Amino acid sequence: MPIRRPQQLSYAHLITAICFSIQALGVGTYIAFGVFFNPLMEEFGWSRAAISGASSTAFFSMGIFGVIIGRLNDIFGPRRLMSAAALLLGLGCVLTGRLTTLWELYLYYGIIFGIGLSAIDVIALTTIARWFSHRRGFMTGIVKVGTGAGQFAIPLAAGGLILIYGWRWTMTAIGVVVAVILVVMAQFMHRDPDALGSTSKAAAGSPPVAAPAAVPGLPLSRVFATVQFWTICLANLFLVSCLMVIMLHIVPHARDIGMPPIQAAGVLSTIGAVSMLGRFAGGLVIDKRGSKAVMGVSFLLLLADLVWLQFADRLWMIYLFGVVYGLAHGGFFTAISPLVAEWFGIQHHGTLFGIVVCFGTTGGAAGPLLAGHLFDLSGSYRSTFLILTALALVAWGLLLSLRPLRGRAEGAIKIHPQP
């Protein structure tokens, strides 16, 4: 039984708080772009597809560079990587606040901001996976509650500040504040308990009891040869495509059906607030039943909610959609990192999770762009909502097809009990 040092256990709590804050600030800032959607259309007359394309570019950049960040994080640790990413994220916002042309929006927000965003999920969630072997799902849920907090607070604050100071000042101020805070917090990060001088990485907690047992780490070549890994990647591609269309287009859709700007932004904040409950509850269930169970329930909620959205044309109906969607959204994003750890171990978690995230961001980049294009052609989101329902069904089917890994003893592959 490894010795649990008070210093190391105390620092684990600090690491959790830092990763919580990274998620809140980074993801909250990205989600807040939906609030800037209408001001950009009003000032420049750009189409929804064009503006959606910038967000999609940022999300795609996040995925591509997330693979690189994940690999570098496995080797060098998070401190310098997180600092550099924070500066790029802030710089992207500041430059976006000064843009005058569409290509600048794609360069400043789509690429520079997107590269900075690439560290937010990979570093925070991989660090938590390395620090906690016991109650990994619960601690991941706590950190992902930060995402919900950011999704609630930052879009709401941005909406209010835009009304008072305009979108340019608001975008610049958010970039500066977020970058400074992230750089300061990065100086206190360590990759795992070993970096703090502990006797074992597992010292952050005893071995998991009910969650599927994960091996310390499979060779990358073995992981890449499994059907399970690519099944998870494809499921995440279709899933995140659905989720990001909602996050980017729900505010414009709410405006289209007659909701004033603050109430429309409030839908996004409602999703963020309720998703905190989904993340917290999801983390608890992961430790008892595994990540696959949490994702299965989240899919049921998402499918029912997408059907509801096609008939929601009143204020209370849109807000009810936001409540149910928030629960599903929180469950999905809490489960995916522990799912990778449960199936493939933590030795190469940053690399593997970065690839899974890259598949998700590819779908998340294409989805909003297609939704914007379809709206420009038809003047409605009706066809988009039907397509999202179909994609969610495909992703759910891929999840249901996921089977435990099996292998010979020398292959170090264990069978994962399923609920």
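Residues numbered from 1 in each chain as written. Predicted model: local features only at pLDDT ≥ 70, side-chain atom pairs only at ≥ 80, totals over all residues. Heavy atoms only, no water.

**Details of the overall build of the protein chain**
Rules: Helix and strand definitions here come from DSSP, where helices need a minimum of 4 consecutive H or I residues and strands a minimum of 2 consecutive E residues; each element is numbered from the N-terminal end. Note on exposure labels: buried denotes an accessible area under 20% of the residue type's maximum, exposed denotes more than 50%, and partly exposed covers the range between, all computed with a 1.4 Å probe on protein chains only. Any two residues whose heavy atoms approach within 4.5 Å are treated as being in contact. Here the open area of atoms and residues is found with the Shrake-Rupley method and a 1.4 Å probe, where only the protein chains shown may cover a residue.
Helix and strand content of the protein chain: 14 helices and 0 strands. What you see in the protein chain, going N to C, is helices and strands ordered as α-α-α-α-α-α-α-α-α-α-α-α-α-α. Classification of the 419 residues of the protein chain by burial places 60% in the buried group. Considering only intrachain contacts with a sequence separation of at least 6, the fraction spanning at least 24 residues in the protein chain is 85%. Accessible area of the protein chain: about 15600 Å², with a carbon and sulfur share of 70%.

**A word on the environment of Val-227**
With respect to the helices, strands and loops of the structure, Val-227 is situated in helix H9 (residues 227-256). For Val-227, a relative accessible area of 61% translates into the label exposed.

**A short note on the pattern of salt bridges**
Pairing between side chains becomes possible if they bear opposite charge and their charged atoms approach one another. The criterion, for reference: Any Lys or Arg side-chain nitrogen located within 4 Å of an Asp or Glu carboxyl oxygen qualifies as a salt bridge.
Considering all chains together, one arrives at 2 salt bridges under this definition. Between Glu-43 and Arg-168 there is a salt bridge; the shortest N-O distance is 2.9 Å. In this pair, Glu-43 sits in helix H2 (residues 33-44) while Arg-168 sits in helix H7 (residues 167-186), placing the two residues 125 residues apart along the sequence. One salt bridge in this structure joins Lys-144 and Asp-121, with 3.4 Å as the shortest N-O distance. Residue Lys-144 is found in helix H6 (residues 136-165), and its partner Asp-121 is found in helix H5 (residues 102-131); the two are separated by 23 residues along the sequence. Under the relative-accessibility criterion, Lys-144 is labelled buried at 1%.

**Thoughts on the packing of H5 against helix H13 (residues 349-378)**
Spelled out, the test is: In this description, a line fitted to the C-alpha atoms serves as the axis of each element, helices being fitted only across the stretch in contact, and the angle between N-to-C directions of two axes falls anywhere from 0 to 180 degrees. Our angle categories are set so that under 35 degrees counts as roughly parallel, over 145 as roughly antiparallel, 65 to 115 as roughly perpendicular, and the remainder as oblique. With the far helix as reference, a near helix turned anticlockwise by less than a right angle produces a left-handed crossing, and one turned clockwise produces a right-handed crossing.
Two numbers describe how H5 lies on H13: the axes approach to 10 Å, and their chain directions differ by 140°. As far as their axial angle goes, H13 and H5 are oblique. You can see that H5 and H13 cross each other, and the crossing is right-handed. Contacts from Asp-121, Val-122, Leu-125, Thr-126 and Ala-129 in H5 reach His-349, Gly-350, Phe-353 and Gly-354 in H13.

**Some thoughts on the side chain of His-329**
Mapping His-329 onto the fold places it in helix H12 (residues 315-344). Judged by relative accessible area, which is 2%, His-329 ranks as buried. Sequence-distant contacts of His-329, that is, excluding residues within four places in its chain, are made with Gln-151, Leu-243, Met-247 and Arg-279.

**Quick word on the nonpolar core**
For clarity, the threshold we go by: In this text, buried Ala, Val, Leu, Ile, Met, Phe, Trp, Tyr and Cys residues form a nonpolar core when linked through side-chain atoms within 4.5 Å.
One finds Ile-22, Tyr-30, Met-82, Leu-182, Leu-302 and Phe-344 to be the most contacted residues of the largest nonpolar core, which totals 122 residues. The element that contributes the greatest number of residues to this core is H9, accounting for 15 residues.

**Comments concerning the confidence of the model for the protein chain**
Basically, it comes down to this: Values of pLDDT, the confidence the predictor places in each residue, fall between 0 and 100.
Per-residue confidence for the protein chain gives a mean pLDDT of 83, with 89% of residues at or over 70. Note that pLDDT drops below 50 for residues 198-215; the model gives that stretch 57 contacts with residues more than four away or on any other chain. Segment residues 408-419: pLDDT under 50, and 28 contacts once partners within four positions in sequence are set aside and those in other chains are kept.

**Remarks on H12**
As a reminder, the rule being used: Here the expected span of a helix is defined as 1.5 Å times the quantity of residues minus one. For a residue, the bend is simply the angle between two axes, fitted respectively to the seven-residue segment ending there and the seven-residue segment starting there.
Here H12 spans 44 Å end to end across 30 residues, near enough to the 44 Å set by a 1.5 Å rise per residue. Most pronounced at Ile-336, the bend in H12 amounts to some 30°, and the proline Pro-338 follows within four residues. Burial analysis of H12 places 23 of its 30 residues in the buried class, the great majority of the element.

**A look at H6**
An α-helix turns once every 3.6 residues. As a result, residues three or four positions apart point the same way. Taking 1.5 Å per residue as the helical rise, H6 with its 30 residues ought to reach 44 Å, and the 42 Å between its terminal C-alpha atoms agrees with that figure. Directly beyond the C-terminal end of H6, a positive phi value near 95° is found at Gly-166.

**Some points on a nonpolar patch on the surface**
Operational definition: Residues form patches when they are more than 30% accessible in relative terms and have no salt bridge. Like charges link within 9 Å. Nonpolar side chains (Val, Leu, Ile, Met, Phe, Trp, Tyr) link within 5 Å.
On the surface, Leu-14, Val-176, Val-180, Val-184 and Phe-188 cluster together into a nonpolar patch covering about 420 Å² of accessible area. Top element by residues in the nonpolar patch is H7. It accounts for 3 residues. One can find Phe-188 in the loop between H7 and helix H8 (220-224). For Phe-188, a relative accessible area of 43% translates into the label partly exposed.

**Overview of the packing of helix H4 (residues 79-96) against H5**
Selection rule: Each residue receives one of three labels: charged for Asp, Glu, Lys and Arg, nonpolar for Ala, Val, Leu, Ile, Met, Phe, Trp, Tyr, Cys and Pro, and polar for the others, Gly being one of them.
Following both chains from N to C, one finds H4 and H5 inclined at 150°, their axes separated by 8 Å at the closest point. Comparing their axes, H5 and H4 come out roughly antiparallel. With respect to the hand of their crossing, H4 and H5 are arranged in left-handed fashion. Facing H4, whose interface residues are Leu-81, Met-82, Ala-85, Leu-88, Leu-89, Leu-91, Gly-92, Cys-93, Leu-95 and Thr-96, H5 presents Leu-105, Tyr-108, Tyr-109, Ile-112, Phe-113, Ile-115, Gly-116, Leu-117, Ala-119, Ile-120 and Ile-123. Of the residues that constitute the contact of H4 with H5, the class distribution is 18 nonpolar, 3 polar and no charged.

**Quick look at the environment of Ala-366**
Considering the arrangement of structural elements, one finds Ala-366 in helix H13. You can call Ala-366 partly exposed: its relative accessible area is 45%. For the pair Ala-366 and Val-245, spaced 121 residues apart in sequence, the C-alpha separation works out to 9.0 Å.

**Thoughts on the packing of aromatic side chains**
Heads up, the condition is: Two aromatic rings, drawn from Phe, Tyr or Trp (for Trp, its six-membered ring), form a pair once their centres lie within 6.5 Å of each other, and the interplanar angle then sorts them: stacked below 30 degrees, edge-to-face above 60, tilted otherwise.
Across all of its chains, the model carries 17 aromatic pairs by this definition. The interplanar angle of 15° and the centroid separation of 5.7 Å between the aromatic rings of Phe-321 and Tyr-325 together place this pair among those described as stacked. With a gap of 4 residues between them, Phe-321 and Tyr-325 both fall in helix H12, about one helical turn apart. The pair formed by Phe-321 and Tyr-325 is uniform in burial state, with each residue classed as buried.

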